[in-house]
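Observations on the three-dimensional arrangement
Spelled out from the first residue to the last, the chains are:
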Amino acid sequence: MDAYLRPDLSTMNKTLLTFLFVVFACWSCTGDRTNKHKIIAVSQCSDDAWRRTMNNEMLREASFYPGFEVRIKTAHDSNQKQIRDIESFIAEGVDLIIVSPNEAIPLTPVIEKAMQEGIPVVLVDRKISSGKYTAFVGADNFQVGKEVGVYTVNLLNGKGNIAEIRGLKGSTPDSERHRGFMSVIQAQPQIQVVYQDYGSWLRSNAKERMTDALNRNIPIDLVFAFNDEMATGAHEALTVTTGIKKPVLLGIDALPGTEGGIQKVINGTLDATFIYPTGGEKAIQTAIHILNNEPYERENTLYTAVVDKTNARVLKLQTDQIIQHQNRIGQLNVVLDRNLAQYSTQRSLLLVSLLVLFLITILLVLLIRAYSSKNKSNKILESQNIAISKQKEELSEQRDQLIALSKNLEEATQAKLVFFTNISHEFRTPLTLIQGPLDSLMEKEALTAGGKRLIQLMRKNVQVLLKLIDQIIDFRKYENGKMQLFFTLTDLKSFVSDICDSFIEFGKKKHIHFSFTASKHDFTLWFDSDKIEKICYNLLSNAFKFTSENGRIDVHLERIKVQGDYFAQITVSDTGVGIPDHHIQRVFERFYKVDDRALGSGIGLHLTKVLVELHNGEIHVESAEGKGTRFIVTIPFKQKEIPIVEQYPTINPVMDLQEDMLIVEGPEDIEEVVSLQTDKPLVLLVEDNVDVRIYIKSLLVDSFEIIEAQNGQVGLLKAMKFVPELIISDVQMDVMDGFELCKQIKENLSTSHIPVILLTAYTLDEQRAMGFESGADAYIPKPFNEGLLKIRVRKLIENREKVKNYFQKNLTFGERKENVAEIDKSFINKFRKLIEERLIDSDLNVDEIGKSLGLSRVQLYRKIKSLTNYAPNELVRIIRLKASEQLLINSEKSISEIAYDTGFSSPSYFTKCFKEYFSESPTDYVKRVK
């Protein structure tokens, strides 16, 4: 359908665009009257009546010129404010600026800046200290002052005293008017200016100055104020002063209106005023000429005239009529604008109506054509939809088949991985039984040189098998997302050097030149030593595998800097057969092998890449077939995103792994005969594999008394019965596993003090965590080293002996907490409390104490003996003696009373026991202490 309708839709789009263009054009035409295209900015220095009149004139004149907008800002006699106003106009990019400068010198730089920015500047009333402006409109202040001077001379008939009240100090109108006035007065020797001060154009200031002049008692015949406002202030000062002849008051401005100078002459407030034309209309006209690029006069001088009693009323009548006409013109402008806006709206509505009608007609034609095209296309689409539906069904079936196939492949892959992982765990137990006896033969048996070589060969291949098993297990852990890193701050240079040293002899045997070099930088950084060892081992094994005799293998360690961060770069290069180009990109894929005939699982390089990336590093390969290969590993010095994980307690880093184990059925009688008369420590061995039990027993039997159990349940019963010094247990067993056994041992009051060593073939980190969570004192992986196992057993038993010795001396734990379980501390505290509560009871016996603590007589004996090295009766007697010692020191009781109070049957027996324990009689002890 889309194909058939596309031409019609294109026509509709073109019509809509045409319609929108016409509407926009009409709207633009009708909006010309109201849109302001050019901005004239006005900066006034103050807000006096004269400048308000000028502003009204400018606004009124600008209304005759559509397309121009007037914006006015007033500085209120502040140079800084006026400078900021002009700079804001410059920033806005106005088209022209009209300025009435407050003062000439401070305003000159900013006006010159506007000219430099290309903005024309029209000065009104006042000039600046330079000639950098576009035009000037205003009266000649020198000529105004001169006219006032001539009028003054005529009025005073060439004789009298004058008070001069000037404007703002520093302004050009003030200086020019004064200069023009004095040019006439100085020519009259009998006319003197007896008082002169500045009123800053303000009525209040002028009133103060006039008052000051009157207070000086200087005869004044005429007062000349530089504007009508100041002249009015002088009049107010004269009004409140009595007893003097009122001088003649002259002003400048002659503004119309009720508060203007003309009205004040009529009212008698002023004797005369001189017209100072505002020039607002002329300023706007000049600005329009400038913006329209029309000819204009740069200097527009406005002229003055005197207003006194003779012409004031005539001028007022004329100005009132002018104001009325101007107001009428303003009203007509408003009405005209309203009518024009209404006309524009009506014209726009008419055009829009016509266009909408035209558009509706076109749309109707297009809809009719579209309807007929739709009927045709629907038939075609219907047939196409049927074909598409069939294809969709076929694709859906194929997709389901692919999903099912992918699922089956994934399940098969996972099943294989689980199978290989489990098989790998199963290998560890027989490897234990191979490696352990081999170590014993090497250390203890007198072997020939050939026999030693054979044993070394067997040990070497056991290690190779363990490496392969570790790769499979690590790969499985990564696949399950359970691989963890255990970082340590280590010298990478020494670590890699040690690894390379183990390959030196191998290289000599294969006649391969092998070397390790490193830069002189410090390579102390955070890394997982086990994982880095596997990375180096895999890369070096591949290099030796594919390098022929007389070849070369080089390992180089270098520090590099990338984007401000330091990295350690390990490069392993060889001169072997190389890798073909079409295999380079796939060498790190899992199960991928360059040559199917080559030995190996195909996961070595994939696992290497995984281990590198877990260090936030990178690995890449460069190779040329027949020339050799180079693997480059980069690892950051700082691990920013991988937390530094505390390692679990271990005997040796090499043994810090976890494995599963082989399960072998083998019933065993729990009623085992154990000789408790020997001085050897008693060790309980819980292992379901008979061969492993026999092997471990053979390692320990010379130094320890061994009892055995084939599973955790039997082991728990024997532990409760015999209370051994230490328990060694496998993890994976039937009936009760090692985790549960350890938990039960640590929670049982009679066995909680016994150290537990767990043996396992599992390497999953969470299972090791489970072992320590259950209370295990040590966790040793299979296959284990005979010497390390013996050391661990001996150290744990020695720690228990230290605890016993401490109890013997203190009978309390005090602050010693590191080697004593909470349950054992609680047990001893309960035992002490029980004895102290029944201290006076001489009939208290071991059976009653055991019953109170929930233990049998035998269990109580073994528990107390294992913790304190005392029999229960001995410990009770010691507690009684300790209590009697305190009574002897702190009380006034007799020895007989103390003997009975501490539970001894007679004073003589008490004296005997006290002397045996403290090595002196109670009487001698008291004398020595007191």
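Please refer to the structure higher up on the page.
Attention in this report is confined to the structure presented alongside it. (Residues numbered from 1 in each chain as written. Predicted model: local features only at pLDDT ≥ 70, side-chain atom pairs only at ≥ 80, totals over all residues. Heavy atoms only, no water.)

Side note on the side chain of Gln-82
Note the cut-off: Labels follow the DSSP assignment, with helices taken as runs of H or I lasting at least four residues and strands as runs of E lasting at least two, numbered in each case from the N terminus. The classification of residues rests on relative accessible area computed with a 1.4 Å probe and restricted to protein chains. Under 20% of the type maximum is buried, over 50% is exposed, and intermediate values are partly exposed.
Mapped onto the elements, Gln-82 comes out in helix α3 (residues 79–92). Since its relative accessible area comes to 0%, Gln-82 is described here as buried.

Thoughts on the sheet that holds strand β9 (residues 248–253)
Where strands meet in a sheet, backbone hydrogen bonds hold them as pairs that are either parallel or antiparallel. Filter applied, for reference: For two strands to be treated as a pair, DSSP must find at least two bridges joining them. The contact criterion used throughout is that any non-hydrogen atoms of two residues lie within 4.5 Å. The axes used here are C-alpha line fits, helices contributing only the stretch in contact, and every angle between their N-to-C directions lies in the interval 0 to 180 degrees.
Spatial ordering of the open sheet is given by β7-β6-β8-β9-β10-β12, a layout of 6 strands whose pairing is mixed. Here the strands that pair on one side only, and so sit at the sheet edges, are β7 (191–198) and β12 (306–307). Pairing of strand β8 (residues 222–225) with β9 involves 3 bridges; the strand directions are parallel. When the bridges of β9 are listed, Phe-224 appears paired with Leu-250. The strands touched by helix α5 (residues 141–156) are β6 (160–166), β7, β8, β9, β10 (272–275) and β12; relative to β9, the strand with the most contacts, the crossing angle is about 160°.

Notes on the layout of surface pockets
The test is simple: Grid points spaced at 1 Å over the protein atoms alone were grouped into cavities, where a 1.4 Å probe fits but cannot get out, and pockets, open sets with protein on both sides within 12 Å along at least five of seven lines, with lining residues defined by an atom within 4 Å of a point. Grid points are joined across faces, edges and corners, and a volume is the space filled by probe spheres set on the points.
Taken as a whole, the second largest pocket holds about 740 Å³ of empty space. Taken together, 30 residues line the second largest pocket, and the ones lying closest to its centre are Thr-53, Glu-57, Pro-256, Thr-278 and Thr-319. Looking at the lining of the second largest pocket, the elements with two or more residues in it are α2 (49–62), α9 (261–267) and α11 (312–444). Here the lining of the second largest pocket gets 7 residues from one element, more than from any other, and that element is α11.

Description of the pairing of strand β17 (residues 565–574)
As judged from the 10 bridges shared by strand β16 (residues 552–562) and β17, these two strands associate in the antiparallel manner. Each bridged residue has a counterpart across the sheet, and for His-556 the counterpart in β17 is Thr-571. What sits between the antiparallel neighbours β16 and β17 is a turn of 2 residues, in which Gln-563 has the positive phi angle 50°. Bridge count between β17 and strand β19 (residues 628–636): 8 bridges; the pairing is antiparallel. Directly across from Asp-574, in β19, lies its bridge partner Thr-629.

Observations regarding a nonpolar patch on the surface
Cut-off, in case you're wondering: Like-charged residues are merged into a patch within 9 Å and nonpolar side chains (Val, Leu, Ile, Met, Phe, Trp, Tyr) within 5 Å, provided each residue has over 30% relative accessible area and no salt bridge. Residue exposure ignores everything except the shown protein chains as possible cover, and the areas themselves are Shrake-Rupley values with a 1.4 Å probe. Salt bridge, as used here, is a side-chain nitrogen of Lys or Arg placed within 4 Å of a carboxyl oxygen of Asp or Glu.
A contiguous nonpolar patch, built from Val-352, Val-356, Ile-360, Leu-364 and Leu-367 and spanning about 400 Å² of accessible area, is present on the exposed surface. Residue placement: Leu-367 occurs in helix α11.

Looking at helix α27 (residues 907–918)
The cut-off we apply is this: Multiplying 1.5 Å by the helix residue count minus one yields the expected span of that helix. This arc is built from the directions going out from the helix axis to the C-beta atoms.
For α27, spanning 12 residues, the distance from its first C-alpha to its last is 16 Å, which sits close to the expected 16 Å at 1.5 Å a residue. Taken together, the buried positions of α27 are Phe-910, Cys-913, Phe-914 and Phe-918. Along the long axis of α27, the arc covered by the buried residues comes to 110°, so they all point the same way. Those residues of α27 that are exposed and aimed more than 90 degrees away from the buried face are Ser-908, Lys-912, Lys-915 and Glu-916. Each element contacted by the buried residues of α27 is listed here: α25 (872–890), α26 (895–901) and α28 (922–929).

Topic: empty space enclosed by the protein
In total, this model carries 3 cavities of 30 Å³ or more according to the counting rule given. Its volume calculated, the largest cavity comes out at about 180 Å³. Forming the walls of the largest cavity are 20 residues, and the residues nearest its centre are Asp-48, Trp-50, Asn-227, Asp-228 and Asp-253. Within the residue set of the lining of the largest cavity, elements represented by two or more residues are α2, α6 (172–185), α8 (228–239) and α9. Considering each element in turn, the lining of the largest cavity owes the most residues, 3 residues, to α2.

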